[in-house]
Amino acid sequence: MGTALSLIPLALLAGAALNGFFSLWSARGRSVSRTLVHVVACAAPLFAFAMAIQVWRGLGEAGGRITTQWFEWIAVGDLRIGLDLTADALTCVMLLVITGIGSLIHIYSTAYMHEEEGFARYFSALNLFTFFMTILVLGKNLAVLFVGWEGVGLCSYLLIGYWWKDSEKATAGMKAFVVNRVGDFGFLIALFLLWRTAGTLDFAGIQAYATSEAGRATLLGPSGILGASVATLIGLLLFWGATGKSAQIPLYVWLPDAMAGPTPVSALIHAATMVTAGVYMVARLNFLYALSPVAQGTIMVVAGVTSLFAGVMALAQTDIKKVLAYSTISQIGYMMLGVGTGYVAAGMFHVVTHAFFKAALFLGSGSVIHACHHEQDMRHMGGLRKKMPWTCAAMTLSAAAMAGVPPLSGFFSKDEILWRAFSHGTMAGKIGWLCGFLGALLTAFYMFRLIFMTFGGSYRGHAHPHEVPKPMWMTQGALALGAAIVGFLGVPHILGGHDIFGHYLAPIIPDFAQPHAAHGEHAIAVEWSLMAWSVVMGLAGISAAWWAYVKKPELPGRVTAKIPKLHALVRDKFRVDEAYTATVVRPTESLARQVVLRGVDQGLIEGIVNGLGSVARLLGRVLSFGQTGLLRGYVGIMILGALLLLLSVLG
Amino acid sequence: MANDPKAYLVVSVLLFAIGMAGFLIRKNLLIVFLSVELMLNAGALAILVFARLYGDTDGHVFFFLILALAAAESAVGLSMVIALYRLRHKLDTDDLVELRG
């Protein structure tokens, strides 16, 4: 079983290496078979998927945990870090999503990247990304997780800047990288703190420490910083890292720009997998967060506000991919809200369902963009329903799933999250719930705004749209189908289901107890009414979108004309980017230029270096008086020296 | 006195002093070179004297080494002096100051 586990990342790494070789080969001007690259690129994740299924099936026999140790990676003093992989229920969920949905997106890419020259480079990076993503979820300790964490960031950078000749796209890649580095700073400090506190970075070791009497006391004890406990400090620093990778307030700004990459990349990296790494990390360390209500509350509030805030920004976007980007930020907010409640199965379930419907939506938007000859503005689309029936069906189904229409997947996962947040019993939980509840209305509205603007009405562009090739509509159809049915894995008890997903993850959740048990019938009534209300919100959002974009198409224009300033503010994404430029980027730049460049580099360092140089030159000029070139002078001095030596020996 | 090695030592010192003085005072490169040879041989003589004084044959061996070396060195040195003369048509050390700093 350990072999199957090792083969998952190794197969992907081999695929990346082979395609990297093909890429270098073609860069030298030699021709590379497209088919060969496609076969390698798709075989790697498909094989990994098969192995993941094997690991998943063998998990029960192995006692819920499969571990394989590669080698000792770092050995310094007391610090022993092995490159060890492990799989438990949580890892299996992530592995199946990454390799399964990853395979579909690889297949889709073969058709989507049909016209591109650098296809080998693209598939190499895509394989490499999948490799790092599996390393991230397979890591037995936080250090290996961090390797994956940084690796996926690198691949994200490479793929956002895939069309690097366009400087705007290259800049978007750099922005993603730099913003993520800001988050990584917090993450690293958290790792140091954890190492100093618990003496290990191993997940099992940290858990053992956190549940031991002494460890618990230390973690709950004061950290000496702002009165926070050690657990709170570590939890918040880790969440800081998560806000970068998972695009939460305040570090979400890179994700909309990341849409500069090819659309399948947006589907795989910036919707289905990488951006959920932060959610996975919080879920993985749930035992740590359980010790810190403050950190959990912070997560719930930040996540809730993010989901609402990003939903509002999605309302006024006209670029089809930007709408999806903001909706992704919003949906990750829901996931974070779910894992923030401590009942991580809720958040993880949304990770799975979101992976299906958002990947399908992104692939669908890729098909639309492909069909409209690289047009991304929805104002120049419309009426594609008849021209692209398959794409239309897949996207509508996924949008409905995301809007929470029962019995599609989003309905189950979102309601689970909202109910858990509502019944968390804290102020933060209530705030998170309220934001998520209002966000549900926005979600339904902006998603169906997208659907109606793209597929409804009549065509407003100048291209000749046509249905996309088979590999494209079939993969997006498969994902949409998944989005429709995967929700049945998590049917709650009150609807007669068994919450298979929740029970599957039960071994990694410390307090699996259903809140029902404590609150009885009252809680059941609350769950019912919450569910009903969020369905109402979803349907209201869809109806409103239908009203505004199908029934009365002139309505949005009239509304925005009445509130031009507000509309401009939302359309310009609340000018957060501009605010960051003014408050962070500019001061940093001027600090770099005025203080570091002029002051330290040109002033201090060049001063020292040039000073030493001129001292040496002055000394040389003085001493050069002795170098007369006269033989007799030298000999005289030499003899004088010999005499002095003689005198000192004799005397 | 004739068998007193110390007398030879005095000769050696005198030879060395003459060489040194010649080196310092004369300007003709040929004479300067001659003075160097004088000093070298004064040193060699001193080694021989000490070898006699201590009754050690190592000094004699050394003397032959120095003799061979001096022959080789004077061959090289003289050829350089000749080359210089061909170039400059004069051998005044006060004029050879190209290496002044």
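Above: the structure in question.
Counting of residues starts from 1 at the beginning of each chain's written sequence and follows it residue by residue. Written order decides the labels, with chains lettered from A and ligands numbered from 1. Given that this is a predicted model, residues contribute local features only at a pLDDT of at least 70 and side-chain atom pairs are listed and counted only at 80 or more, while totals for whole chains, interfaces and linings are drawn from all residues. Remark: hydrogens and water are excluded; side-chain values derive from all non-hydrogen atoms of the structure.

Asker: What is the right way to read the overall build of chain B from this model?
Answerer: For chain B, the count of helices and strands is three helices and zero strands. Starting at the N terminus and ending at the C terminus, chain B contains elements arranged as α-α-α. Expected size for 101 residues packed as a compact globule is a radius of gyration near 13 Å; at 17 Å, chain B overshoots this value by more than 25%. Projected onto its principal axes, the C-alpha coordinates of chain B cover approximately 50 × 25 × 25 Å. Helical segments are the DSSP runs of H or I of at least four residues, strand segments are the runs of E of at least two, and each set is numbered from the N terminus. Put simply, the radius of gyration uses C-alpha atoms, and a globule should come to 2.2 Å times the residue count raised to 0.38.

Asker: Would you take a moment to explain the overall build of chain A for this structure?
Answerer: Each helix and strand counted, chain A has 28 helices and two strands in total. The dimensions of chain A, computed from C-alpha atoms along their principal axes, are 110 × 65 × 55 Å. Relative to its 651 residues, chain A shows a buried fraction of 54%. To measure how exposed things are, a 1.4 Å probe is used in the Shrake-Rupley method; for residues, cover is taken only from the protein chains shown. Looking at chain A as shown, the accessible area adds up to about 27400 Å², and 68% of this sits on carbon and sulfur atoms. Of note, chain A has its 43 positive side-chain charges centred 8 Å away from the centre of its 32 negative side-chain charges. Any residue under 20% of the maximum accessible area for its type is buried, any over 50% is exposed, and the rest in between are partly exposed; the area is computed with a 1.4 Å probe on protein chains only. Counted charges follow a simple rule, with Lys and Arg positive, Asp and Glu negative, and His plus the chain ends left uncounted. Where a charge lies is defined by one atom per residue type: Lys uses NZ, Arg uses CZ, Asp uses CG and Glu uses CD.

Asker: How should the packing of aromatic side chains be read in this particular structure?
Answerer: Two measures describe an aromatic ring pair: the distance that separates the ring centres and the angle between the ring planes. All names here are of chain A. Two rings from Phe, Tyr or Trp (for Trp, the six-membered ring) form a pair when their centres sit within 6.5 Å of each other. Planes less than 30 degrees apart are called stacked, planes more than 60 degrees apart edge-to-face, and all others tilted. If you walk through the whole model with that rule in mind, you get 22 aromatic pairs over all chains. Seen in terms of ring centroids, tyrosine 122 and tyrosine 162 are 5.6 Å apart; in terms of plane orientation they differ by 80 degrees. Their pairing is edge-to-face. Placement of the pair is tyrosine 122 in helix α4 (residues 119–138) and tyrosine 162 in the loop between α5 (142–160) and α6 (167–198), with a sequence separation of 40 residues. Taking the relative accessible area as the measure of exposure, tyrosine 162 reaches 3% and is therefore buried. Each ring, one from phenylalanine 349 and one from phenylalanine 501, has its centre 4.9 Å from the other, and the planes form 35 degrees; the classification is tilted. Of this pair, phenylalanine 349 sits in helix α16 (residues 344–371) while phenylalanine 501 sits in helix α22 (residues 500–505), and the two are 152 residues apart along the sequence. The same class applies to phenylalanine 349 as to phenylalanine 501, namely buried. One aromatic cluster is present, built from ring pairs that chain together Tyr122, Phe123, Tyr162 and Trp163. Placement of a positive charge over a ring is assigned whenever Lys NZ or Arg CZ falls within 6 Å of the ring centre and within 35 degrees of the normal to the ring plane. Between the NZ or CZ atom of arginine 30 and the centre of the ring of tryptophan 25, over which it lies, the distance is 4.5 Å. The residue whose ring lies beneath arginine 34 is phenylalanine 119, and the NZ or CZ to ring-centre distance is 4.2 Å.

Asker: Can you walk me through helix α2 (residues 34–58) of chain A in this structure?
Answerer: One full turn of an α-helix is made of 3.6 residues, so residues set three or four places apart face in the same direction. Residues and elements named next belong to chain A. An expected span of 1.5 Å times one less than the residue number is assigned to each helix. Compared with the 36 Å implied by 1.5 Å per residue over 25 residues, the 36 Å span of α2 between its first and last C-alpha is a close match. Where α2 is concerned, the buried positions are Val37, His38, Val40, Ala41, Cys42, Ala44, Pro45, Ala48, Met51, Ala52, Val55 and Gly58. Looking at the packing, one finds that the buried side of α2 touches α1 (2–27), β1 (66–76), β2 (79–87), α3 (89–112) and α4. Here, residues are in contact when the closest pair of their heavy atoms is within 4.5 Å.

Asker: Please clarify how the side chain of lysine 245 of chain A should be interpreted in this entry.
Answerer: Residue and element names in this part refer to chain A. Residue position: lysine 245 is located in helix α9 (residues 230–245). Each salt bridge in this description consists of a side-chain nitrogen of Lys or Arg and a carboxyl oxygen of Asp or Glu lying within 4 Å of one another. It turns out lysine 245 is buried and unbridged, and the closest side chain with the opposite charge, aspartate 184, is 5.1 Å from it. Whenever a nitrogen or oxygen atom comes within 3.5 Å of another N or O atom, the pair is scored as a polar contact, on the condition that within protein one atom can donate a hydrogen and the other can accept it, and that pairs from neighbouring residues in sequence are kept only if both atoms are in side chains. A polar contact of 3.2 Å, which involves the side chain of lysine 245, links it to the backbone oxygen of tryptophan 149. For lysine 245, the contacting residues outside a window of four places in its chain are Trp149, Val152, Gly153, Asn180, Trp254, Met274, Val275 and Ala277.

Asker: I would appreciate a short explanation of the pattern of salt bridges in the present structure.
Answerer: Between side chains of opposite charge, pairing is possible as soon as their charged atoms come close. Within this structure, the stated rule accounts for 17 salt bridges over all chains. The closest approach of N and O atoms between aspartate 572 of chain A and arginine 571 of chain A, which form a salt bridge, is 3.6 Å. Note that lysine 90 of chain B and aspartate 95 of chain B form a salt bridge whose closest N and O atoms lie 3.1 Å from each other. Since its relative accessible area comes to 46%, lysine 90 of chain B is described here as partly exposed. What makes aspartate 95 of chain B partly exposed here is its relative accessible area of 35%.

Asker: Looking at this structure, I do not really get the interface of chain B and chain A. What am I missing?
Answerer: Taken together, the contacts link 15 residues of chain B with 11 residues of chain A. Around 1000 Å² of area is buried between chain B and chain A when both sides are counted, 66% of it from carbon and sulfur atoms. Here chain B and chain A share one salt bridge between them. Measuring nitrogen to oxygen at the nearest pair gives 2.6 Å for the salt bridge that ties arginine 632 of chain A to aspartate 94 of chain B. Our count for the chain B to chain A interface comes out at two residue pairs in polar contact (both at pLDDT 80 or more). If you list the elements that add at least two residues to the side of chain B that touches chain A, you get α1 (5–25) and α2 (29–54) of chain B. Examining the composition of the side of chain B that touches chain A, we find that four residues originate from one element, α1 of chain B, more than from any other. Throughout, buried area stands for the accessible area (probe radius 1.4 Å) lost by two parts on being put together, summed over both.

Asker: What exactly am I supposed to notice about the packing of α16 of chain A against helix α18 (residues 389–403) of chain A here?
Answerer: For any two helices packed against each other, the geometry is given by the interaxial angle and the distance between the axes. All names here are of chain A. The convention used is that axes are lines fitted to C-alpha atoms, helices contributing only their stretch in contact, and that angles between N-to-C directions extend from 0 to 180 degrees. Two elements in contact, α16 and α18, have axes whose closest approach is 9 Å; the angle formed by their N-to-C orientations is 145 degrees. When you trace α16 past α18, the crossing you get is left-handed. Residues Phe357, Lys358, Ala360, Leu361, Gly364, Ser365, Ser367 and Val368 of α16 touch α18, and the partners they reach there are Thr391, Met395, Ser398, Ala399, Ala401 and Met402. Gly falls in the polar group here, along with every residue not listed as nonpolar (Ala, Val, Leu, Ile, Met, Phe, Trp, Tyr, Cys, Pro) or charged (Asp, Glu, Lys, Arg). Grouping the constituent residues of the contact of α16 with α18 by class yields eight nonpolar, five polar and one charged. In a left-handed crossing the near helix is turned counterclockwise from the far helix by less than a right angle, and in a right-handed crossing that turn is clockwise.

Asker: Sorry, what's going on with unusual backbone geometry here?
Answerer: As a rule of thumb, non-glycine residues mostly have phi less than zero, and peptide bonds are mostly trans rather than cis. All names here are of chain A. At the junction of isoleucine 249 and proline 250, the peptide bond is cis and its omega measures out at 5 degrees in the coordinates. Position of proline 250 relative to the elements: it lies in the loop between α9 and α10 (254–257). The omega torsion of the bond from proline 406 to proline 407 falls at 5 degrees, within 30 degrees of zero and hence cis. Examined against the element boundaries, proline 407 turns out to sit in the loop between α18 and α19 (409–422). One non-glycine residue, alanine 247, lies in the positive phi region at around 55 degrees. Assignment of secondary structure puts alanine 247 in the loop between α9 and α10. One non-glycine residue, phenylalanine 574, adopts positive backbone phi at about 60 degrees. Mapped onto the elements of the fold, phenylalanine 574 is located in the loop between α26 (564–571) and α27 (576–623).

Asker: Please clarify how the nonpolar core should be interpreted in this entry.
Answerer: Proteins that are soluble and globular tend to have nonpolar side chains buried together. In these notes, a set of buried Ala, Val, Leu, Ile, Met, Phe, Trp, Tyr and Cys residues joined through side-chain atoms within 4.5 Å is what counts as a nonpolar core. Counting residues in hydrophobic clusters, the biggest one holds 207 residues, and the most contacted among them are Leu142, Phe448 and Leu505 of chain A. No other element matches the 18 residues that α16 of chain A contributes to this core. If we ignore the near neighbours within four places in the chain, the residues touching leucine 142 of chain A are Phe187, Leu191, Leu194, Leu201, Phe203, Ile206 and Leu285 of chain A. One finds Ile639 of chain A together with Phe23, Val32 and Met39 of chain B within the second-largest nonpolar core, a separate group that totals five residues.

Asker: Can you help me understand α3 of chain A in this one?
Answerer: For α3 of chain A, spanning 24 residues, the distance from its first C-alpha to its last is 34 Å, which sits close to the expected 34 Å at 1.5 Å a residue. Burial runs high along α3 of chain A: 21 of the 24 residues are buried.

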